[in-house]
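The lines below spell out each chain.
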Amino acid sequence: MEKKNCWEIKKCGREPGGARSRELGVCVAASAMSVDGLNNGSNGGRICWAIAGTLCRGEVTGLFAKNEVSCMACEVFKLVKAEEKADFIIWKSDQTCESQVMLRLLMNNFARHEFQR
Ligand code: SF4
């Protein structure tokens, strides 16, 4: 089964050549070649939560740009995590220890939030 990138799941049109890329610009997740292949995605298409400055919901989000638990609640994150199972990669190899700790804290907060619902 072909694995989908975030722009194919969210249908944002902000990938190169996408329906909204000329109007709104290409999202950094779709053009991040340094993370190509991670979680079997194209560029940052399956690790967008770890990329600062993504453009979901029409505003800047992503790690460190505007840190939100909402990335952990996103259907992309959940789908990639479920599909990759033990091979799931949560952060880029060049991310600092601090960012990895922050991501872990976010994950723990989100897990607690989900558990309490
Ligand atoms: S991170 Fe969001 S805005 Fe950026 S390509 Fe993926 S779905 Fe679209």
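Residues numbered from 1 in each chain as written. Predicted model: local features only at pLDDT ≥ 70, side-chain atom pairs only at ≥ 80, totals over all residues.

Observations concerning the overall build of the chain
Stage number 1. Within the chain, the regular secondary structure consists of six helices and zero strands.
Stage number 2. Traced from its N-terminal end to its C-terminal end, the chain shows the element sequence α-α-α-α-α-α.
Stage number 3. The buried share of the chain, reckoned over its 117 residues, is 31%. (Helix = DSSP H or I, 4+ residues; strand = E, 2+ residues; numbered from the N terminus. Buried ≥ 20, exposed ≤ 12 C-beta atoms within 10 Å, placed from the backbone.)

A look at the site of the ligand
Stage number 1. Taken together, 13 residues surround the ligand, and among them Cys6, Lys10, Cys12, Cys27 and Cys56 come closest.
Stage number 2. At the level of secondary structure, the elements contributing two or more residues to the shell around the ligand comprise helix H1 (6–10) and helix H3 (28–31).
Stage number 3. Considering only residue class, the shell around the ligand consists of nine nonpolar, one polar and three charged. (Near = placed C-beta within 6 Å. Nonpolar A, V, L, I, M, F, W, Y, C, P; charged D, E, K, R; others polar.)

Here's the deal with the nonpolar core
Stage number 1. Ranked by size, the top nonpolar core spans 22 residues in total, and within it Ala29, Ile47, Cys48, Trp49, Ile51, Val76 and Phe77 carry the most contacts.
Stage number 2. Mapped onto this core, the elements with two or more residues apiece are H1, H3, helix H4 (70–73) and helix H5 (75–84).
Stage number 3. Filtering out sequence-adjacent residues up to four positions away, Ile47 remains in contact with Val35, Leu38, Asn39, Gly41, Ile89 and Lys92. (Core = buried A, V, L, I, M, F, W, Y, C linked by C-beta atoms within 7 Å. Contact = placed C-beta atoms within 7 Å.)

What about the confidence of the model for the chain?
Stage number 1. Looking at the chain as a whole, its pLDDT mean stands at 82, while 69% of the residues score no less than 70.
Stage number 2. By mean pLDDT, helix H6 (residues 97–116) is the weakest element of the chain at 63, and H1 is the strongest at 96. (pLDDT = per-residue confidence, 0-100.)

A word on the environment of Asn43
Stage number 1. Along the chain, Asn43 falls in the loop between H3 and H4.
Stage number 2. Expressed as a C-alpha distance, the spacing of Asn43 and Asn5, which sit 38 residues apart in the sequence, is 8.8 Å.
Stage number 3. If we ignore the near neighbours within four places in the chain, the residues touching Asn43 are Ala29, Ala30, Ser31, Ala32, Met33, Val35 and Asp36.

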